[in-house]
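A structural walkthrough
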There are 2 protein chains.
Amino acid sequence: MDIVEELLKHNKLALSKAITAVENEYDNAVDIMTKIYSHTGHAYVIGITGPPGAGKSTMTDKIAKEYSKRGFTVGIVAIDPTSPYSGGAILGDRIRMMDLTADEKIFVRSMATRGSLGGLSQKTGDAVKLMDAYGMDRIIVETVGVGQSEVDIVKTADTSMVVVIPGMGDDIQAIKAGILEIGDLFTINKADRDGTDKLNIEIEMMLELNPEHVGWRPPINRTIASKGIGIEAVVDSIEEHKKYLEENGKLAEIRKARTKSEVTAMLNDKVNRYIDSKVINTQEFDDQIMKMQNREIEPYSVVDDIVAKVLK
Amino acid sequence: MDIVEELLKHNKLALSKAITAVENEYDNAVDIMTKIYSHTGHAYVIGITGPPGAGKSTMTDKIAKEYSKRGFTVGIVAIDPTSPYSGGAILGDRIRMMDLTADEKIFVRSMATRGSLGGLSQKTGDAVKLMDAYGMDRIIVETVGVGQSEVDIVKTADTSMVVVIPGMGDDIQAIKAGILEIGDLFTINKADRDGTDKLNIEIEMMLELNPEHVGWRPPINRTIASKGIGIEAVVDSIEEHKKYLEENGKLAEIRKARTKSEVTAMLNDKVNRYIDSKVINTQEFDDQIMKMQNREIEPYSVVDDIVAKVLK
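Residues numbered from 1 in each chain as written. Chains lettered and ligands numbered in written order. Predicted model: local features only at pLDDT ≥ 70, side-chain atom pairs only at ≥ 80, totals over all residues. Heavy atoms only, no water.

**A word on the overall build of chain A**
- Regarding its fold elements, chain A presents 13 helices and seven strands.
- Within the span of chain A, comprising 312 residues, buried residues form 54% of the whole.
- For chain A, restricting intrachain contacts to residue pairs at least 6 apart in sequence, the fraction spanning at least 24 positions comes to 76%.
- Accessible surface, chain A: about 13,500 Å² in total, of which carbon and sulfur atoms supply 51%. (Helix = DSSP H or I, 4+ residues; strand = E, 2+ residues; numbered from the N terminus. Buried < 20%, exposed > 50% of the residue type's maximum accessible area, 1.4 Å probe, protein only. Contact = heavy atoms within 4.5 Å. Areas by Shrake-Rupley, 256 points an atom, 1.4 Å probe, with all protein chains shown as cover.)

Below you can see the structure in the form of structure tokens.
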């Protein structure tokens, strides 16, 4: 079948095949992405992040179902931290698919975090574009953890939501500070637990100190996602943020910056691959490494020499 | 003062200044790194990682003190997830310094994770080299969280230890699988908690399934780091792993691979900076982005054109 043609006709199997092509860097991946590009830009992208155990997957699924109830189609890109050994990406995918597959307005896809980070970030962006071209109204990118990688991936999103839960330790405190800047929305999940009010106050205090949020005050919602409690309000907040960005011309701004950083990443990736094949994977380079190992030469001038040789 | 000369004479202020120069990319940073390179390669580097709340900082401090007791000098590079807004890196540094500063064989330094990931990984490597050239016998790199960034940073280490605690949720389960491959040693901290035996069995089972560890069976130690319980055994295990790597010629192998990946990263970084200045930060590129935004052109062929222009 013609994957692009079928994908544009809302064929889910074609969408699935296209994402697989991108994920595994099949020969046809660039061709697919090139052809679908002009059909993108319509979907609204929501990023969900937060520490392990915060209930992000459950939250994502409930939000997707709420959107579906409101008549929207929803794509989910779930970033899975599974190692190549456990095969969990596939398993987790299947379990969630069973639950969500009944709803034909929803499509879930996991991306494993194995391989290079930059690669993952680009592949996530490509998966989002494929779902966008397919015709999804809303796309949720759900990340695991709160490292730099997750921050990078959340940059794929128009609205970013940070999910936290009460009663976490001091490290979480530090992490909260780290992701404050990316949160357009905060959701305290498992909000029937002790410490919910305290956490709410802490987030509010941190928002006070944060100069980033001018014009938009990130709302702090409370949910018990496993029971579906509070999900409607979260979806309302996402839509309010969308409206805010659109009315202020900020959505166009964000998306321009994102296009720029995506193209930059593609460019860097391409150049680095060239250097890999022309420099890194050569006997000459290996010999130089050996000499560095023996402290006969130092790497800084070697790098300068190579740069002079490679660039115009 | 001549920073390099003083650093090589074991002047801690010079070490501190040199790390600051590297962290902030001062003009003299490359010069310092070039000059100290031939003095590196003596220190043994230990990476400590694990999920938030596992007690990595406490563990790191106790291990440092144990090494000091055994007559070794110890440098600590603590990767701090603090955002530029909270100033926590400095605060956290000071609190720990107060505790450890009494011991003049120990030197602690935090590195903030703001800025680019690749950059942090390189800066961590540079800080390790500076401590190495200074004359530290053991250097501990302590990371926060367990994302790809941490895995990259742990690659700076000769021996990597993963710290876990009993009673964490399902996400942790997935994360454990993700970091299994990088653990030469496992430590169950807070081992007086319920679930310690269960966690021990889970780790053992995962190790069974892991084909990476041929010749070295990662030991699983138990500690209550806050009370100093079990720390001696952990340090013994680290030294056993060191001995194992040395006797099998594997240490030289690991370090060669590390040098190669470090030099590759330096090279990529330098080339990417060149592209930033010659391509990304130009009006022409900005115009192209605008056209992509309007779906008049697609990025894939633009990238190809630029690559052809930039590379020899």
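**Brief notes about the environment of Arg255 of chain B**
- Mapped onto the fold, Arg255 of chain B is located in helix α11 (residues 250-280).
- Separated by 98 residues in sequence, Arg255 of chain B and Ala157 of chain B have C-alpha atoms that sit 9.1 Å apart.
- In this structure Arg255 of chain B touches Gln293 of chain A together with Gly41, Ala43, Tyr44 and Asp158 of chain B, once residues within four positions along its chain are discounted.

**Describing the packing of helix α10 (residues 231-247) of chain B against α11 of chain B**
All names here are of chain B.
- Relative orientation of the contacting elements α10 and α11 amounts to 90 degrees, with a least axis distance of 5 Å. On the basis of the axis angle, α10 is roughly perpendicular to α11. Note on element contacts: α11 touches α10 through Lys250, Leu251 and Ile254, opposite Tyr244, Leu245 and Glu246.
- For the contact of α10 with α11, the class distribution of residues is four nonpolar, no polar and two charged. (Axes fitted to C-alpha atoms, helices over the stretch in contact; angles between N-to-C directions. Parallel < 35°, antiparallel > 145°, perpendicular 65-115°, else oblique. Nonpolar A, V, L, I, M, F, W, Y, C, P; charged D, E, K, R; others polar.)

**Comments concerning the pattern of salt bridges**
Residue and element names in this part refer to chain A.
- Per the counting criterion, the structure on display carries 42 salt bridges over all chains.
- As a salt-bridge pair, Arg217 and Glu208 come within 3.5 Å of each other at their nearest N and O atoms.
- Assessed through its relative accessible area of 45%, Arg217 is described here as partly exposed.
- According to the relative accessible area criterion, Glu208 is exposed, its value standing at 60%.
- Shared partners join several salt bridges into a network, and the residues in it are Glu25, Lys123, Asp269 and Arg273. (Salt bridge = Lys/Arg side-chain N within 4 Å of Asp/Glu carboxyl O.)

**Focus: the packing of aromatic side chains**
- According to the stated counting rule, one finds four aromatic pairs over all chains in the structure shown.
- Seen from their ring centres, Tyr67 of chain A and Phe72 of chain A are 5.5 Å apart, and the 90 degrees between their planes marks the pair as edge-to-face.
- By relative accessible area, which is 0% here, Tyr67 of chain A ends up buried.
- Residues Trp216 of chain B and Tyr244 of chain B carry aromatic rings whose centres are separated by 5.3 Å and whose planes lie at 35 degrees to one another, so their mutual orientation is tilted. Remark: Tyr244 of chain B occurs in helix α10 and Trp216 of chain B occurs in the loop between α9 (196-209) and β7 (220-222); sequence separation between them is 28 residues. Tyr244 of chain B matches Trp216 of chain B in its accessibility class, with the two residues each being buried.
- Lying across the ring of Tyr37 of chain A, Arg295 of chain B places its NZ or CZ 4.8 Å from the centre. (Phe/Tyr/Trp six-rings, centres within 6.5 Å; stacked < 30°, edge-to-face > 60°. Lys NZ or Arg CZ within 6 Å of the ring centre and 35° of its normal.)

**What to know about the packing of helix α4 (residues 56-69) of chain A against helix α10 (residues 231-247) of chain A**
All names here are of chain A.
- Closest axis-to-axis distance for the α4/α10 pair is 10 Å, and the angle between their directions is 75 degrees. In terms of orientation, α4 and α10 fall into the roughly perpendicular class. Across the interface between the two elements, Met59, Lys62, Ile63, Glu66, Tyr67 and Lys69 of α4 pack against Ile231, Glu232, Val234, Val235, Ile238 and Glu239 of α10.
- For the contact of α4 with α10, a count of residues per class yields seven nonpolar, no polar and five charged.

**Concerning unusual backbone geometry**
Residues and elements named next belong to chain A.
- Residues other than glycine seldom take positive phi values, yet His10 does so here, at roughly 65 degrees.
- As for its position among the elements, His10 is in the loop between α1 (3-8) and α2 (12-23).
- Residue classification places His10 among the exposed residues on the basis of a relative accessible area of 51%.

**A look at the environment of Glu298 of chain A**
- Here Glu298 of chain A lies in the loop between α12 (283-293) and α13 (299-310).
- Through-space distance from the C-alpha of Glu298 of chain A to that of Gln288 of chain A is 9.2 Å; in sequence the pair is 10 residues apart.
- If we skip the residues at most four places from it in the chain, Glu298 of chain A touches Met292 of chain A together with Thr34 and Tyr37 of chain B.

**Some remarks on α9 of chain B**
All names here are of chain B.
- End to end, α9 covers 20 Å across 14 residues, agreeing with the expected 20 Å (1.5 Å per residue, within 8%).
- Buried residues of α9: Thr196, Leu199, Asn200, Glu202, Ile203, Met206 and Leu207, and no others. Across the axial projection of α9, the buried residues extend over an arc of 160 degrees, all falling on one side. Turned more than 90 degrees away from the buried face of α9 sit Lys198, Met205, Glu208 and Leu209, all of them exposed. (Expected span 1.5 Å × (residues − 1). Arc of directions from axis to C-beta.)

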